[in-house]
Amino acid sequence: MSVLIEASGLRLARGPQRQLALPDFALHEGERLCLVGPSGRGKTSLLHALLGFVPLQSGSLQVFGRARSREADFVPLRGPLGLLFQDPVDQLFGPTVADDVAFGPRNMGQDSAQAGQLALRTLAALQLEHLAERPVQQLSGGEQRLVALAGVLAMSPRVLLLDEPSNGLDEASCERLFACLLDTGLPMLIASHDQTLVQRLGTRILTLPA
Ligand SMILES: Nc1ncnc2c1ncn2[C@@H]1O[C@H](COP(=O)(O)OP(=O)(O)OP(=O)(O)O)[C@@H](O)[C@H]1O
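Residues numbered from 1 in each chain as written. Predicted model: local features only at pLDDT ≥ 70, side-chain atom pairs only at ≥ 80, totals over all residues. Heavy atoms only, no water.

### With respect to the site of the ligand
This is how it is decided: We call a residue near a molecule or strand whenever a single non-hydrogen atom of that residue lies within 4 Å of it. Under the rule applied, a polar contact is a pair of N or O atoms within 3.5 Å (in protein, one hydrogen donor and one hydrogen acceptor; residues adjacent in sequence only if both atoms are side-chain atoms). Using the Shrake-Rupley algorithm and a 1.4 Å probe, accessible areas are obtained, with residue cover drawn only from the displayed protein chains. Secondary structure elements follow DSSP: runs of H or I of four or more residues count as helices, runs of E of two or more count as strands, with numbering from the N terminus. Three classes are used, and their members are as follows: Ala, Val, Leu, Ile, Met, Phe, Trp, Tyr, Cys and Pro are nonpolar, Asp, Glu, Lys and Arg are charged, and the others, Gly among them, are polar.
Surveying the vicinity of the ligand reveals 14 residues, the closest of which are R18, G40, K43, S45 and H193. Here an oxygen atom of the ligand and a backbone polar atom of G42 are 2.9 Å apart. At 2.9 Å, a backbone N or O of T44 approaches an oxygen atom of the ligand. Compared with its free state, where it exposes 640 Å², the ligand has 62% of that area covered by protein. The element that contributes the greatest number of residues to the shell around the ligand is helix 1 (residues 43–49), accounting for 3 residues. Residues of the shell around the ligand, tallied by class, amount to 2 nonpolar, 8 polar and 4 charged.

What follows is the structure, encoded as structure tokens:
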């Protein structure tokens with residue numbers, strides 16, 4: 001199995017005085033690695049560090065076979081590493097759901113018609129087509145999370161970075177989420193406190209100790 005992400009000796013800068021030491025880990029093709037551990041231990045920070053949003057203080061990070069440390073190393077990863085934020089409001093721009101999901105593909109050069117069709121197909125895969133014309137501010141919390149995921153999937157990522165993807169979802173929506181994620185066949189890093197999700201989706205667990 002080829003290695004997609006490999007981290008060793010990582011310490012993240014969190015504010016002027018604070019560093020977070022992370023355990024070494026690797027993500028291989030075909031894996032769904034669940035990050036578990038106490039609140040505030042650094043799961044979100046780790047996902048954000050993989051995209052260069054949290055500075056690395058020390059250690060080595062390889063993504064897709066190349067060392068990543070400076071901003072220029074991370075820019076090409078923002079697309080291939082598809083991040084679902086813990087708070088979906090951070091990644092919904094609207095105005096409508098369909099516009100929002102089409103935004104990424106348009107940004108990557110697709111014309112409006114292609115991007116619009118891709119958005120509708122992606123929404124349909126999550127059984128969300130009925131929301132297509134809805135303004136994003138009028139979605140429920142669970143709907144926001146699923147629409148944000150549709151936006152990530154429409155970008156055709158190589159790896160998914162999912163931060164508490166089942167937060168705020170009812171049982172039926174969780175089932176849809178699990179099925180859709182498994183259907184993608186993509187490797188994933190998933191930060192979650194949801195034991196059901198960890199059992200259903202995880203192929204391996206990385207515990208960030210207290
Ligand atoms: N923007 C920030 N600036 C400085 N420190 C931060 C920032 N965001 C988070 N932190 C701190 O970094 C530490 C790790 O937070 P992080 O959100 O990564 O934890 P987590 O394991 O994802 O927590 P949870 O399970 O509650 O989501 C915490 O102590 C938090 O207070």
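Okay, back to it.
### Digging into the sheet that holds strand 9 (residues 188–191)
For clarity, the cut-off: A pair of strands is treated as paired once DSSP finds two or more bridges between them. Axis angles are defined between N-to-C directions and span 0 to 180 degrees, where every axis is a line fitted to C-alpha atoms and, for a helix, only to the segment in contact. Pairs of residues are marked as contacts when any of their non-hydrogen atoms sit within 4.5 Å.
Spatially, the 5 strands line up as an open sheet ordered 7-8-9-4-10, and their pairing is parallel. The sheet is open, and its two edges are formed by strand 7 (81–84) and strand 10 (204–207), each paired on a single side. Across the sheet, the axes of successive neighbouring strands diverge by a mean angle of 15°, strand direction being ignored. Relative to strand 7, helix 5 (residues 141–153) is tilted by about 170°, and along the sheet it contacts strand 7 and strand 8 (159–163).

### Let's talk about the packing of aromatic side chains
Inclusion rule: Working definition: a ring pair exists when centres of Phe, Tyr or Trp rings (six-membered ring for Trp) sit within 6.5 Å. Plane angles under 30 degrees give stacked, over 60 give edge-to-face, the rest tilted. Buried, partly exposed and exposed residues are distinguished by accessible area as a fraction of the type maximum, computed with a 1.4 Å probe on protein chains only: under 20%, between the cut-offs, and over 50%, respectively. Remark: a charge is flagged as sitting over a ring if the NZ atom of Lys or the CZ atom of Arg is within 6 Å of the ring centre and within 35 degrees of the ring normal.
For the structure shown, the criterion picks out 1 aromatic pair. The interplanar angle of 45° and the centroid separation of 6.1 Å between the aromatic rings of F93 and F103 together place this pair among those described as tilted. Remark: F103 occurs in helix 3 (residues 97–107) and F93 occurs in the loop between strand 7 and helix 3; sequence separation between them is 10 residues. Residue F103 is classed as partly exposed on the basis of its relative accessible area of 45%. When the ring centre of F64 is taken as reference, the NZ or CZ atom of R158 above it lies at 3.8 Å.

### Concerning the pattern of salt bridges
The test is simple: Salt bridges are identified by distance alone: a Lys or Arg side-chain nitrogen within 4 Å of an Asp or Glu carboxyl oxygen.
For the structure shown, the criterion picks out 5 salt bridges. With a closest N to O distance of 4.0 Å, R134 and E143 form a salt bridge.

### Some points on the UniProt feature "domain: ABC transporter" (unreviewed entry) in the chain
To keep things clear, this is the line we draw: UniProt positions are given in the numbering used here, feature names are shortened, and annotations may be inferred rather than shown by experiment.
As annotated in UniProt, the feature "domain: ABC transporter" (unreviewed entry) corresponds to residues 5–210 in the numbering used here. Spanning residues 5–210, this segment combines 34% helix with 23% strand, and its end C-alpha atoms are found 23 Å apart.

### Topic: the state of the cysteines
Filter applied, for reference: We call a pair of cysteine sulfur atoms a disulfide whenever their separation is within 2.5 Å.
In total, this model carries 0 disulfides according to the counting rule given. Lacking any disulfide linkage, C34 is separated from the closest cysteine sulfur, that of C174, by 13 Å. The exposure class assigned to C34 is buried, which follows from its relative accessible area of 0%. In this structure C180 is not part of a disulfide, and its nearest cysteine sulfur, from C174, lies 13 Å away.

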